[in-house]
Amino acid sequence: MKNTPTIITGTVGMDAHVIGTKIVSRALKDAGFKVVALGMQVSPEEFISVAQETKADAILMTSLYGMSELDLKGFNEKRMEAGLGDVLLYIGGNLVIGRYDPKEVEPRFKKLGFDRVYPPETDIVAVIKSDLKKDLKAKGKM
Amino acid sequence: MDDIRLLIDFGSTFTKVVAVDLGREEVLAAARVPSTVESDITVGLGEALKKIEAHTGTGGLEEKEALACSSAAGGLRMVCAGFVPELTSKAANLAALGAGAKVIGCYSYKLTQQEIQEIEAEAPDIVLLSGGTDGGDEGVIIHNARLFSRTGGAVTNIIVAGNKTTHDEIREIFSDNRKNVLYTKNVMPEIGVLDVAPCNREIRELFMKNIIEAKGIARAKAVIKDVIMPTPSAVLEAARLIADGCEGAQGFGELIVIDVGGATTDVHSIAQGKPARADTIMTGLPEPYEKRTVEGDLGLKYNLDRLLELVKGRELPPNFDAIVKGFHEGKLPQTEEEFACHRLLTCLTVEVAMSRHAGRVEVVYGPTGERLVQHGKDLTGVKTVIGTGGPIIFSDRCREILGYTLFREESPFSLKPENPKFYIDEQYILYAVGLLSQVEPEKALSLARKYLIQI
């Protein structure tokens, strides 16, 4: 059993809005996780290769510019191929353009392989407490 | 009495000796004789030393202090095995090249039986294992270590430079094994961090302690002081000294050395390679400040076929095919026509080797507009390019050849130097400067200043 789970953070694809992922990384570090912060504009392939080398337990992506669905095309298939089916996948932020109903968007991202999908202005500290720790424990990673 | 130093390079074809006068900072004599590694390395060495003696009056006293480098008996042949190709495999490859090795195989992911057999057939001098950041993946490197523990005598030296948490388990795997297994720091301890220096040192030490012994090169120690590094490593040391200077003397600043040989072409860059434009994004593994690449398919003697593929579609000098056929048979250029052909091939070699070494930018179009993404090192601002190796230094138009290292408007995405000064290692002393830099850096730098000719 691992004591400190490794979590990868970053904004996915072409999005350069870096504040979200910085806040997420900071909150994860404060909560005692080992964080591999990839910063902005991380390609899906980079998330995959870094997760392989670091034996990551979870990937927390953020996106603000509304085009993340495009950026994530084919991501799930690739990560399965790379042997990362067991890695927890979270995404949060402004996931599609314009005002939207999170309930409508969530299933679309679940189909892309994400375990949890969060709307804008989510409280990351609460997410870590209520969801992340629970999910990691359920997978025997904490 | 004059303070004379002898510096020696055991090459695969020639044994070269240079005598320098440290007091006057001058090259006194140079000699070149066929290498005799196969039979007894000291025979050729003795012959070369005799030639030097005739010119300078040196004797046993100087010989006892002489330092050497070697690329004889195939050089330092290494195989790298890592995890993800663009991460720990590439890091291991960069570490091996930086230590002056010839990388004869670079593998990724868990090795298969077939790959292990391939490696055993190659019988590398050293196998370098990487994989996993510290605290990261353990499966791949442990799997690979286990496979290597079952190999026969073809693999004897193994350096483990991967995830440090695997060391204990790997030690156990090799516990009742006769292989010489060394452990060093992870070449990629974290994502985005390359730490090749400890691994470089380990490789060089192993080279000095075991490998020259196994290859019969160590017999030279009966005559001279020591063989301290592989030849490419000596050239890299020289490049670093000339760029950075040393205590009490300033260097040239960031530079590139291009060394065209018969079988391979080496490019060394001593440069940060940071983007010239502030809005450029860097991606991929950061590359080392001292970077060496080796183009195993670009050489003017043993790789002519590959070069001929590259000339397709270019305007050729008269009688090109017939003349190149002569080169194939080992002929060296003599007539004006032959020189023209040889020059064309050298120019191509330089152009391709430089393009592969330099970084590149890519324009990525996204919803937020155009963005520049840089892979590798930006060398556009490098102000010094040094040419060495027979095909360059013996050409009467070496400036034209070195011009092929330059940035070009037609391929603006290749980050090659824009406006450098060109120098030629006319007397072929870079390796000697590198060797001397280990004991007398200031003198070595003065020699380089004196004997690198600006063209």
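You'll find the structure just up there.
First, a word on scope: everything that follows refers to the structure included in this document. (Residues numbered from 1 in each chain as written. Chains lettered and ligands numbered in written order. Predicted model: local features only at pLDDT ≥ 70, side-chain atom pairs only at ≥ 80, totals over all residues. Heavy atoms only, no water.)

## Digging into the overall build of chain A
Within chain A, the secondary structure is distributed over 6 helices and 5 strands. Mapped in sequence order, the helices and strands of chain A form the string β-α-β-α-β-α-α-β-α-β-α. The C-alpha atoms of chain A give 14 Å as radius of gyration, which agrees with the globular expectation for 142 residues (14 Å, within 12%). Dimensions of chain A along its principal axes, counting C-alpha atoms only, are 40 × 30 × 25 Å. Taking all contacts inside chain A whose residues are at least 6 apart in sequence as the whole, residues at least 24 apart take part in 77%. As presented, chain A carries roughly 6,900 Å² of accessible surface, and 55% of it is formed by carbon and sulfur atoms. (Helix = DSSP H or I, 4+ residues; strand = E, 2+ residues; numbered from the N terminus. Rg over C-alpha atoms; globule rule 2.2 N^0.38 Å. Contact = heavy atoms within 4.5 Å. Areas by Shrake-Rupley, 256 points an atom, 1.4 Å probe, with all protein chains shown as cover.)

## Description of the sheet that holds strand 19 (residues 452–454) of chain B
Residues and elements named next belong to chain B. Spatially, the 6 strands line up as an open sheet ordered 14-12-11-17-18-19, and their pairing is mixed. A single partner strand is all that each edge strand has here, and the edge strands are strand 14 (290–295) and strand 19. Averaged over all pairs of adjacent strands, the angle between their axes in this sheet comes to 20 degrees, without regard to strand direction. Bridge count for strand 18 (residues 421–425) against strand 19 is 3 bridges, and the pairing is antiparallel. Bridge pairing links Asp 425 to Leu 452 in strand 19. (Pairing = 2+ DSSP bridges. Axes fitted to C-alpha atoms, helices over the stretch in contact; angles between N-to-C directions.)

## A short note on the pairing of strand 12 (residues 265–270) of chain B
Residue and element names in this part refer to chain B. For strand 12, the tally of buried residues reaches 6 of 6 residues, placing the bulk of the element in the interior. The two faces of strand 12 match: Thr 265, Val 267 and Ser 269 on one face and Asp 266, His 268 and Ile 270 on the other face are all buried. Here strand 11 (residues 255–260) folds back onto strand 12 in antiparallel fashion, the turn holding 4 residues. Relative to strand 14, strand 12 is paired through 6 bridges, and the arrangement is antiparallel. Pairing of Thr 265 across the sheet is with Glu 295, part of strand 14. (Buried < 20%, exposed > 50% of the residue type's maximum accessible area, 1.4 Å probe, protein only.)

## Some details on the interface of chain B and chain A
In this assembly, 23 residues from chain B lie in contact with 14 residues from chain A. Between chain B and chain A lies a buried interface of about 1,400 Å² when both sides are counted; carbon and sulfur atoms form 63% of it. On the surface where chain B and chain A come into contact, there are 0 salt bridges. Taken together, chain B and chain A are joined by 6 residue pairs in polar contact (both at pLDDT 80 or more). Residue assignment for the side of chain B that touches chain A shows that the elements contributing at least two residues are helix 3 (85–98) and strand 15 (360–366) of chain B. When the residues that make up the side of chain B that touches chain A are grouped by side-chain class, the tally is 10 nonpolar, 8 polar and 5 charged. (Buried area = accessible area lost by both parts, 1.4 Å probe. Salt bridge = Lys/Arg side-chain N within 4 Å of Asp/Glu carboxyl O. Polar contact = N/O pair within 3.5 Å; in protein donor to acceptor, adjacent residues only side chain to side chain. Nonpolar A, V, L, I, M, F, W, Y, C, P; charged D, E, K, R; others polar.)

## With respect to the sheet that holds strand 3 (residues 58–63) of chain A
Residue and element names in this part refer to chain A. Taking strand neighbours across the sheet as the criterion, the 5 strands line up as 2-1-3-4-5 in an open arrangement whose pairing is parallel. Looking at the sheet topology across the chains shown, the edges are occupied by strand 2 (34–37) and strand 5 (116–118). Recorded for the sheet is a direction-independent mean angle of 20 degrees between the axes of neighbouring strands.

## Focus on the packing of aromatic side chains
Residue and element names in this part refer to chain A. Taken as a whole and judged by the stated rule, the model has 5 aromatic pairs over all chains. Between the aromatic rings of Phe 75 and Phe 114, the centroid separation amounts to 6.4 Å while the plane-to-plane angle is 20 degrees, which identifies the pairing as stacked. On the criterion of sequence distance, the pair formed by Phe 75 in helix 4 (residues 75–81) and Phe 114 in the loop between helix 5 (102–111) and strand 5 is long-range, its members being 39 residues apart. By relative accessible area, Phe 75 is classed as buried at 1%. (Phe/Tyr/Trp six-rings, centres within 6.5 Å; stacked < 30°, edge-to-face > 60°.)

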